[in-house]
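# Coordinate inspection notes
One letter stands for each residue in the lines below.
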Amino acid sequence: MLGDRRRGARGRPPNGELAVRTRIVGLAVWVSVLATALFGVPLGIAVFEYAVQAERNKLLRTADAVAIAVAEDVYDGEQVDAIHQRDAVDISVYAADGAQLGGVGPATVPADVSKALRGKAASGTDGENLVVAVPVTHEDDVIGAVRAAAPRSSVVQEVALLWAAMIALAALAVTTAWLVGRRQARRLARPLEELAVAARRLGDGDFSVRTQRGGIAEIDAVGTALDSTATRLDDLVTRERAFSADASHQLRTPLAGLRLRLEAALEGTDHDRRAAIEASLADADRLETTVEELLDLARDRLNRPIEPVDVAGLLQELAPSWREQLARLHRELDLRLDADLPQTRASTAALRQVLAVLLDNATRHGAGRVTLTARETTDAVAVDVSDEGTGISEPEATLFARRAQGNGHGIGLALARRLIEAEDGRLQLSSRAPAVFTLLLPVEDDAPLPPASTPQPRDEHV
């Protein structure tokens, strides 16, 4: 299902995304058509009016030229010959009484000629012709009129050519708008399509999804928010999974001890049962503390301001419980503390969990006496946890890896190193045979410890 949806998103955008592209292209085309029409239609009308006016001016100049040329003949009342057409214009000449002296035109006096005979130039239309009439004068007297006419079709032909050019330019503009709209639609829709795919992958649990930037600030802001959400969800799920693994590991030993106490109480006397129940209640309190500390870890609340820790006091507090557990296995716990140990700067909850991991590993995977040593080193307090077993053969990188659980070390040691590094401390394997784990804690008011180099294995316990 997920693969089909992804292929669909990559191969062919969903209908909604196609609608976005279509709407963007359609909007660009309609805007260009509207702008072209609002500009082109008035311009086309103006071009036609201009052409008509230009043709009338042409007729006026022709008529004026003829009026000057025939003024003497009209004054003498003679017929005017050879002026039927001039520059593709029909010419007719009239005397002052309206008689036609020559040319091509209506025999009766038209209205425009009557106006010209009164001394004023006239223009108008006569059917399909454009007409201009001008007076013929001799000194200050009007002695006749000249009428010039030309078919309007010649103007329409010229204007049609201009209109065709304008329509071609309009089509080019609309085509350009369509091409630009398609490009912009792809530029706008592609990031949205990728965001849709990323959102679907995120909804299906793929928190590794990351969006690409498309150069559009608003869409990039959405992609950044989606990436941030994916990162937070990934971190949340990772921490929840880590908490489940850490809790199961850390609670296994206390629960086993609690079960042993209860089983022993069933076989003992009433007095033994009461003591076992009291001890079990103490174990239950420790379990509750462990759960709370692990929840703090999962919620990243261990980064709050911390109080100085008395390492010696903490080890003396933990020793009786672990000494009792080792005693059930016929083993011993040896606690060695240097005098006047300085206080350290670390979280008590984190330090308690780390020591629990190290002592549990020594109890479950080691042999013989378990030695817990606290000593002062340069700018640090060192806590060594060792046993008398055969040692550890695994590489340190594998030993502290979370998934390295072949012999049971993995989760606990990975958790312990992560916890102590969060407190600016270090956890390392100081000796392989016998196994010695060393915990380095920064002294109060000192700078964090520098990154640990690869430790060299030692041949004896500290």
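The structure presented is a predicted model; accordingly, all values stated were derived computationally and were not measured.

Cut-offs used in this document
- Along each chain, numbering runs from 1 in the same order as the chain's sequence is written.
- Confidence filtering applies because this is a predicted model: local features only for residues at pLDDT of at least 70, side-chain atom pairs given and counted only at 80 or more, and all residues used for totals across whole chains, interfaces and linings.
- In computing side-chain properties, one takes all heavy atoms of the structure into account and sets aside hydrogens as well as water.
- Pairing between strands is defined by DSSP: at least two bridges between the two strands are required.
- Think of it this way: any DSSP run of H or I at least four residues long counts as a helix, any run of E at least two long counts as a strand, and we number them from the N terminus.
- Where helices are involved, their axes are fitted lines through C-alpha atoms of the stretch in contact, as for all axes, and angles between N-to-C directions lie from 0 to 180°.
- Pairs of residues are marked as contacts when any of their non-hydrogen atoms sit within 4.5 Å.
- Burial classes follow relative accessibility: with a 1.4 Å probe on protein chains only, a residue under 20% of its type's maximum area counts as buried, one over 50% as exposed, and anything between as partly exposed.
- pLDDT expresses, on a scale from 0 to 100, how confident the predictor is about each individual residue.
- In what follows, salt bridge is the name for a side-chain nitrogen of Lys or Arg lying within 4 Å of a carboxyl oxygen of Asp or Glu.
- In plain words, nonpolar cores are sets of buried Ala, Val, Leu, Ile, Met, Phe, Trp, Tyr and Cys residues tied together by side-chain atoms within 4.5 Å.
- Stacked, edge-to-face and tilted are the three classes for Phe, Tyr and Trp ring pairs, Trp counted by its six-membered ring, which pair at centre distances within 6.5 Å; planes under 30 degrees apart are stacked, over 60 edge-to-face, the rest tilted.
- Between 65 and 115 degrees an angle is taken as roughly perpendicular, under 35 as roughly parallel, over 145 as roughly antiparallel, and anywhere else as oblique.
- Note: crossing handedness is left-handed where the near helix turns anticlockwise from the far helix by less than a right angle, and right-handed where it turns clockwise.
- Multiply 1.5 Å by the residue count of a helix minus one, and that product is the helix's expected span.

### Focus on the sheet that holds strand β12 (residues 426–431)
With mixed pairing, the 5 strands of this open sheet are ordered in space as β8-β10-β11-β13-β12. The sheet is open, and its two edges are formed by β8 (333–337) and β12, each paired on a single side. Ignoring which end each strand starts from, the neighbouring axes of this sheet average 20° apart. The pairing of strand β10 (residues 370–377) with strand β11 (residues 380–386) spans 7 bridges and is classified as antiparallel. Of the residues in β11, the one forming a bridge with T371 is S386. The strands touched by helix α7 (residues 311–328) within the sheet are β8, β10, β11 and β13 (436–442), with β8 carrying the most contacts at an inclination of about 170°. Its contacts with the sheet place helix α8 (residues 348–365) against β8, β10, β11, β12 and β13, and it is angled at close to 170° to β13.

### Quick look at the environment of A71
Of note, A71 is situated in helix α2 (residues 15–76). Its relative accessible area of 17% is what places A71 among the buried residues. Placed 67 residues apart in sequence, A71 and H138 show a C-alpha to C-alpha distance of 7.0 Å. What A71 contacts, discounting residues up to four positions off in sequence, is V136, T137 and I143.

### Topic: the confidence of the model for the protein
Any region with low pLDDT has predicted coordinates that should not be read closely. Averaged over every residue, the pLDDT of the protein is 77; residues scoring 70 or more account for 76%. In the model, residues 404–410 has pLDDT below 50 throughout and makes 18 contacts with residues more than four positions away in sequence or in other chains.

### Remarks on the pattern of salt bridges
When their charged atoms lie close together, side chains carrying opposite charge are able to pair. Enumeration over the complete set of coordinates arrives at 9 salt bridges. Across the pair E324 and R328 runs a salt bridge whose closest N-O atoms are separated by 3.4 Å. Separated by 4 residues within a single helix, E324 and R328 lie in helix α7, roughly one turn from each other. On the accessibility criterion, E324 (35% relative accessible area) is partly exposed.

### Examining the pairing of strand β5 (residues 129–138)
The pairing of strand β4 (residues 122–126) with β5 spans 5 bridges and is classified as antiparallel. The residue bridging A122 from the neighbouring strand is A133, located in β5. As consecutive antiparallel partners, β4 and β5 are separated by 2 residues, and within that stretch G127 has a phi angle of approximately 70°, a positive value. Inspection of the sheet shows β5 paired to strand β6 (residues 141–151) by 10 bridges, in the antiparallel sense. Pairing of L130 across the sheet is with A150, part of β6. What sits between β5 and β6 in their antiparallel hairpin is a turn of 2 residues, with E139 showing a positive phi close to 55°.

### Things to note about the nonpolar core
The biggest cluster of nonpolar side chains holds 40 residues, and the ones touching the most others in it are L333, L351, L355, V383, F437 and L439. Residue assignment for this core shows that the elements contributing at least two residues are α7, α8, β10, β11, α10 (410–422), β12 and β13. Ignoring any residue separated from it by four or fewer positions in sequence, one finds L439 in contact with L351, V354, L355, V381, A382, V383, I420, R426 and L427. The next biggest cluster of nonpolar side chains, apart from the first, holds 27 residues, and it includes V89, A95, V136 and A150.

### Comments concerning the packing of aromatic side chains
In total, this model carries 1 aromatic pair according to the counting rule given. Measuring from ring centre to ring centre gives 6.2 Å for F48 and W163, while their planes differ by 35°; the resulting arrangement is tilted. Of the two residues, F48 sits in helix α2 while W163 sits in helix α4 (residues 152–203), which places them 115 residues apart along the sequence. Overall, F48 belongs to the partly exposed group, its relative accessible area being 21%. Its relative accessible area of 37% is what places W163 among the partly exposed residues.

### Some remarks on the packing of α7 against α8
Across the interface, α7 lies against α8 with an axial gap of 11 Å and an inter-helix angle of 30°. For the element pair α7 / α8, the angle class is roughly parallel. You can see that α7 and α8 cross each other, and the crossing is right-handed. Side by side, α7 and α8 meet where L314, L315, E317, L318, W322 and L326 of the first sit next to L351, R352, L355, A356, L359, D360 and T363 of the second.

### Brief notes about α8
A rise of 1.5 Å per residue sets the reference length of α8, with its 18 residues, at 26 Å; its end C-alpha atoms lie 25 Å apart and thus fit the reference within 8%. Most of α8 sits out of view: 13 of its 18 residues are buried.

### Observations regarding unusual backbone geometry
The peptide bond linking A433 to P434 adopts the cis configuration, its omega dihedral lying at -5°. The phi torsion at D340 lies on the positive side, around 55°, for a residue other than glycine. Here D340 shows up in the loop between β8 and β9 (344–345). A positive phi angle, near 60°, is found at D379, a position not held by glycine. Note on placement: D379 falls in the loop between β10 and β11.

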